[in-house]
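Descriptive analysis of the structure
Residue strings, one per chain:
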Amino acid sequence: MNSELFEAARRVREHAHAPYSHFPVGVALRTEAGSLHVGCNVENASFPEGWCAETSAIAAMIAAAMDDRGRAIAEICVVAMPIDGRLVTPCGGCRQRIAEFGRPDTLVHVAAPTGEGHSYRLAELLPAAFALEPKS
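Let me begin by describing the structure that accompanies this report. Because the structure is a prediction, the values reported are computed rather than measured.

Turning to the overall build of the chain, a few remarks are in order. Scanning the chain from N- to C-terminus turns up 4 helices and 7 strands. When the helices and strands of the chain are placed in sequence order, the string is α-β-β-β-β-α-β-α-β-β-α. In terms of overall dimensions, the chain is globule-like: its C-alpha atoms have a radius of gyration of 14 Å, near the 14 Å expected for 136 residues. For the chain, the C-alpha atoms occupy an extent of roughly 40 × 30 × 25 Å along the three principal directions. Within the chain, contacts between residues separated by at least 24 positions form 62% of all contacts whose residues are at least 6 apart in sequence.

What follows is the structure, encoded as structure tokens:
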């Protein structure tokens, strides 16, 4: 697991706004251009509406992108407290969002705040991602 991504995701998790679920999540991603972007979950009173941490990080990436490489996820790290001893992977909607800007071989790291973690290829988490056109 990439230690820089883990530390950035762990730190931004502390900024999550999760007064309803009490489940803070932090995400850091690196683009193919090498830039680092972070995001945390942001809930609101119309729970469960809000933003997942992955969505926030992807939005930051898109807002800062200067070219296509700046809009392509090379790897991403999700930090959340394990549930029933299991590490937390991105939800289905976020897996699809990652697929929109990643590739089947994009690394998806998941970790507990303590550092225990596991890495997947995106294709393992979303083997049949929806796509309007094949990526070249």
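If you check which residues of helix H1 (residues 3-13) are buried, you get Leu5, Phe6, Ala8, Ala9, Val12 and Arg13. Across the axial projection of H1, the buried residues extend over an arc of 165 degrees, all falling on one side. Residues of H1 that are buried sit in contact with strand S1 (25-31), strand S2 (36-40), strand S5 (73-80) and strand S6 (107-111). Of the residues that open H1, the one with a side-chain oxygen 2.9 Å from the backbone nitrogen of Glu4 is Asn2.

This next bit is on unusual backbone geometry. Here His22, not a glycine, exhibits a phi torsion of approximately 55 degrees, which is positive. Its identity as a non-glycine residue notwithstanding, Asp84 has a phi of 50 degrees, on the positive side. In this fold, Asp84 is placed in the loop between S5 and helix H3 (92-101).

In this section: the side chain of His37. If you trace the backbone, His37 turns up in strand S2. Classification of His37 by relative accessible area gives buried; the value is 11%. Within polar-contact distance, the side chain of His37 engages the side chain of Ser35 at 3.0 Å. Contact partners of His37, with chain neighbours within four places excluded, come to Val27, Ala28, Leu29, Thr31, Ala57, Ala60, Met61 and Ala64.

When S1 meets S2, the two strands line up antiparallel, connected through 5 bridges. Note on S2: the bridge partner recorded for Ala28 is Val38. Between the antiparallel neighbours S1 and S2 lie 4 residues, among them Gly34 with a positive phi of about 100 degrees.

For the rest of this paragraph, the subject is the pattern of salt bridges. A side chain with one charge may pair with a side chain of the opposite charge, provided their charged atoms come close. The final tally for this structure, using the stated rule, is 5 salt bridges. Note that Glu4 is salt-bridged to Arg30, the shortest N-O span being 2.4 Å. Taken as a pair, Glu4 in helix H1 and Arg30 in strand S1 lie far apart in primary sequence, 26 residues in all. For Arg30, a relative accessible area of 15% puts it in the buried group. Of the charged contacts in the structure, one is a salt bridge between Asp105 and Arg103, with a shortest N-O distance of 3.1 Å. According to the relative accessible area criterion, Asp105 is partly exposed, its value standing at 37%. Judged by relative accessible area, which is 39%, Arg103 ranks as partly exposed. Taken together, the shared-partner salt bridges in this structure form one network comprising Glu7, Arg10 and Glu14.

What counts as what
Residues numbered from 1 in each chain as written. Predicted model: local features only at pLDDT ≥ 70, side-chain atom pairs only at ≥ 80, totals over all residues. Heavy atoms only, no water. Helix = DSSP H or I, 4+ residues; strand = E, 2+ residues; numbered from the N terminus. Rg over C-alpha atoms; globule rule 2.2 N^0.38 Å. Contact = heavy atoms within 4.5 Å. Buried < 20%, exposed > 50% of the residue type's maximum accessible area, 1.4 Å probe, protein only. Arc of directions from axis to C-beta. Polar contact = N/O pair within 3.5 Å; in protein donor to acceptor, adjacent residues only side chain to side chain. Pairing = 2+ DSSP bridges. Salt bridge = Lys/Arg side-chain N within 4 Å of Asp/Glu carboxyl O.

The values are spatial; any link to function lies outside them.
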